[in-house]
Amino acid sequence: SSKSDSSNYATSALNSTYGGWNDYMIAEEQQNTGVPAGTNVVGWNTRNINTTTSSSGTAITRAGNQITLNQPGVYYIRATAPGFLVGGHKLTIKESSATTPLINGDFQYSSPGNDGFSVSKAEGTITILPSAPKTIILSHFTTFAYIEGLGSYNNIPSIQEVFSTIFILKIK
């Protein structure tokens, strides 16, 4: 199954459940072929969401690594981020100016000594009140620092390296 097959299945499922994808965004942290995502620090790391791969509507916008939920309603969000040789790690979705997570992700472990790699995900809903848009970021906690801790690369010619991803759908 290809990425487009998965997208088609997801589109079909969401169209039947929510009546269509009126307001959504899919965005990624991408680098050129052979370029890792970067060095992490012990503690919180802001993921570099730098590419919008698909979107519709005006409820969700992206500027740099910050995504703004502009309109009142309920938003379903699912995000993933890799950790490479970083020990324990956890992805969260936070308001850009806050320290408390809006969505707390799962804990994962990637062994610092054995080419350890794992992916943490954060999934849930956020409610936006009238006149109170929220600007969110992906914040990734790691317990060991490594030069390619935010994601290593495959070096496949002519294919972008993709690290963190985020999918947001306004469901109400």
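Structural notes, computed from the coordinates. What you see is a predicted model; the values in this text were computed from it and never measured.

## Structural notes on the overall build of the protein
Tallying secondary structure elements over the protein gives one helix and eleven strands in all. In sequence order, the protein lays out its α and β elements as α-β-β-β-β-β-β-β-β-β-β-β. The burial tally for the protein puts 41% of its 172 residues in the buried class. In the protein, once contacts between residues fewer than 6 apart in sequence are set aside, the share between residues at least 24 apart is 73%. For the protein, the exposed area adds up to about 8,500 Å²; of that, 51% sits on carbon and sulfur atoms.

## Regarding the side chain of Asn-40
As for its position among the elements, Asn-40 is in the loop between strand S1 (24–31) and strand S2 (43–46). At 2.8 Å, the side chain of Asn-40 forms a polar contact with the side chain of Thr-142. Side-chain polar atoms of Asn-40 contact the backbone nitrogen of Tyr-146, separated by 2.9 Å. Aside from chain neighbours lying at most four places away, what touches Asn-40 is Asn-45, Val-86, Thr-142, Phe-144, Ala-145, Tyr-146, Gly-149 and Leu-150.

## What to know about the environment of Tyr-76
Position of Tyr-76 among the secondary structure elements: in strand S6 (residues 73–84). On a C-alpha basis, the gap between Tyr-76 and Ile-168 in space is 5.7 Å, while along the polypeptide they are 92 residues apart. Tyr-76 has contacts with Glu-123, Gly-124, Thr-125, Phe-167, Ile-168, Leu-169 and Ile-171, leaving out every residue within four places of it along the chain. Of note is the side chain of Tyr-76, whose polar atom sits 2.2 Å from the side chain of Glu-123.

## Re a nonpolar patch on the surface
Side chains of Phe-107, Tyr-109 and Phe-144 sit close together on the surface and give an oily, nonpolar patch of about 360 Å² of accessible area. The topology assignment puts Phe-144 in the loop between strand S10 (134–142) and strand S11 (161–170). Residue Phe-144 is classed as partly exposed on the basis of its relative accessible area of 42%.

## Here's the deal with the sheet that holds strand S9 (residues 117–128)
As summarised here, the arrangement of the five strands in space is S3-S1-S11-S6-S9, forming an open sheet in which the pairing is antiparallel. The open sheet terminates on both sides in strands that have one partner only, identified here as strand S3 (51–56) and S9. The sheet shows a mean angle of 10 degrees between the axes of neighbouring strands, taken without regard to direction.

## Quick word on the packing of aromatic side chains
Inspection of every chain in the model, using the stated rule, returns three aromatic pairs. Here the aromatic rings of Phe-84 and Tyr-146 are separated by 5.6 Å at their centres, their planes lie at 70 degrees, and the arrangement is edge-to-face. Taken together, the residues Phe-84 in strand S6 and Tyr-146 in the loop between S10 and S11 connect sequence positions 62 residues apart. A cation sits over an aromatic face here: Lys-94 above Trp-44, 3.4 Å from the ring centre.

## Observations regarding the pairing of strand S7 (residues 87–95)
Most of S7 is tucked away, with seven of its nine residues classed as buried. Here seven bridges tie S7 to strand S8 (residues 101–110), and the two strands are oriented antiparallel to one another. Bridging from a neighbouring strand, Gly-87 pairs with Ser-110 of S8. Hairpin connection, S7 to S8: the antiparallel pair is bridged by five residues. Relative to S10, S7 runs antiparallel, the two being bridged by seven bridges.

The rules behind these values
- Residues numbered from 1 in each chain as written.
- Predicted model: local features only at pLDDT ≥ 70, side-chain atom pairs only at ≥ 80, totals over all residues.
- Heavy atoms only, no water.
- Helix = DSSP H or I, 4+ residues; strand = E, 2+ residues; numbered from the N terminus.
- Buried < 20%, exposed > 50% of the residue type's maximum accessible area, 1.4 Å probe, protein only.
- Contact = heavy atoms within 4.5 Å.
- Areas by Shrake-Rupley, 256 points an atom, 1.4 Å probe, with all protein chains shown as cover.
- Polar contact = N/O pair within 3.5 Å; in protein donor to acceptor, adjacent residues only side chain to side chain.
- Patch = residues over 30% accessible without salt bridge, like charges linked within 9 Å, V, L, I, M, F, W, Y side chains within 5 Å.
- Salt bridge = Lys/Arg side-chain N within 4 Å of Asp/Glu carboxyl O.
- Pairing = 2+ DSSP bridges.
- Axes fitted to C-alpha atoms, helices over the stretch in contact; angles between N-to-C directions.
- Phe/Tyr/Trp six-rings, centres within 6.5 Å; stacked < 30°, edge-to-face > 60°.
- Lys NZ or Arg CZ within 6 Å of the ring centre and 35° of its normal.

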